[in-house]
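Okay, here's what each chain looks like letter by letter:
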Amino acid sequence: MRYANENGVTSVQDMSASPDILRAYQQLLADGELTVRVYGAQPLSRWERLAAPGITAGFGGDMLRIGVLKGFADGSLGSTTALFFEPYLDAPETSGLPSDEMVDRAAMLDDMVGADAAGLQLAVHAIGDKANATVLDMFAEVERRNGARDRRLRIEHAQHLRAEDIARF
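### Brief notes about the nonpolar core
By size, the foremost hydrophobic cluster in this structure holds 33 residues, and its most contacted members are Leu-69 and Met-112. At the level of secondary structure, the elements contributing two or more residues to this core comprise helix H2 (19-30), helix H3 (48-51), strand S4 (64-72), helix H5 (105-117), strand S5 (121-126) and helix H6 (129-146). For this core, the leading source of residues is H6, giving 6 residues. If near-sequence neighbours (up to four positions away) are discounted, Met-112 is found in contact with Leu-44, Leu-122, Val-124, Met-138, Phe-139 and Val-142. The next biggest cluster of nonpolar side chains, apart from the first, holds 5 residues, and it includes Ala-82, Phe-84, Tyr-88 and Ile-127.

The following block contains the structure:
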């Protein structure tokens with residue numbers, strides 16, 4: 001936090017803030033030692049543990065918030081697990097892999113629809129063009145099922161995109 005403060009960083013998003021980590025942040029806050037605003041993310045697949053007590057996006061105070069869920073559509077470029085429509089040029093035997101979470105797209109979509117209906121924010125990791133297109137399709141289905149409203153759907157990284165998907169953002 002000291003380094004962040006020295007460099008003008010006033011807020012961070014902890015994309016793997018387990019309950020134990022959140023308790024540590026809470027203790028720092030109680031002790032007056034939390035000097036960077038934190039928005040802690042939970043796994044998409046665990047959305048019900050936030051929804052059950054009625055927690056929604058942005059729950060908390062000025063310094064510590066929760067309510068965002070992190071999902072994964074694919075992997076990374078270096079491991080050739082980012083999911084593409086076309087094979088890798090340097091590894092033509094693969095076009096990447098869906099994440100374990102996205103192998104069962106219907107289950108992942110059900111989690112997204114349920115979490116969104118509960119008022120939680122979705123943030124999904126997608127690197128490859130096929131992963132990004134798939135997540136955009138899923139976001140469109142979330143909105144179709146749950147109706148239009150002011151929601152902040154996010155794709156984390158969105159590194160490789162098809163031209164036709166840019167406008168969909």
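### Some words on H2
Taking 1.5 Å of rise per residue, the 12 residues of H2 would be expected to cover 16 Å, and the 16 Å separating its terminal C-alpha atoms lies within 8% of that figure. Count one or two residues on from H2 and you reach Gly-32, which has phi positive near 75°.

### Side note on a nonpolar patch on the surface
A contiguous nonpolar patch, built from Leu-161, Ile-166 and Phe-169 and spanning about 290 Å² of accessible area, is present on the exposed surface. Of note, Ile-166 is situated in helix H7 (residues 163-166).

### Things to note about the pairing of S4
Burial within S4 is extensive, with 7 of its 9 residues counted as buried. Summarising the sheet, strand S2 (residues 37-43) and S4 pair through 6 bridges and their orientation is parallel. Bridge pairing in S4 links Gln-42 to Leu-69. As defined by bridge partners, strand S3 (residues 59-60) adjoins S4 across 2 bridges and the pair is classed as antiparallel. The residue bridging Phe-59 from the neighbouring strand is Ile-66, located in S4. What sits between the antiparallel neighbours S3 and S4 is a turn of 3 residues. The pairing of S4 with S5 spans 5 bridges and is classified as parallel.

### Thoughts on the side chain of Asp-111
Here Asp-111 shows up in helix H5. Look at Asp-111: it is buried, it has no salt bridge, and the nearest opposite charge is Arg-46 at 9.5 Å. For Asp-111, the residues in contact, after removing those within four places along its chain, are Leu-44, Ser-45 and Trp-47.

What counts, and at which threshold
Residues numbered from 1 in each chain as written. Predicted model: local features only at pLDDT ≥ 70, side-chain atom pairs only at ≥ 80, totals over all residues. Heavy atoms only, no water. Core = buried A, V, L, I, M, F, W, Y, C linked by side-chain atoms within 4.5 Å. Buried < 20%, exposed > 50% of the residue type's maximum accessible area, 1.4 Å probe, protein only. Helix = DSSP H or I, 4+ residues; strand = E, 2+ residues; numbered from the N terminus. Contact = heavy atoms within 4.5 Å. Expected span 1.5 Å × (residues − 1). Patch = residues over 30% accessible without salt bridge, like charges linked within 9 Å, V, L, I, M, F, W, Y side chains within 5 Å. Areas by Shrake-Rupley, 256 points an atom, 1.4 Å probe, with all protein chains shown as cover. Salt bridge = Lys/Arg side-chain N within 4 Å of Asp/Glu carboxyl O. Pairing = 2+ DSSP bridges. Lys, Arg positive; Asp, Glu negative; His and termini not counted.

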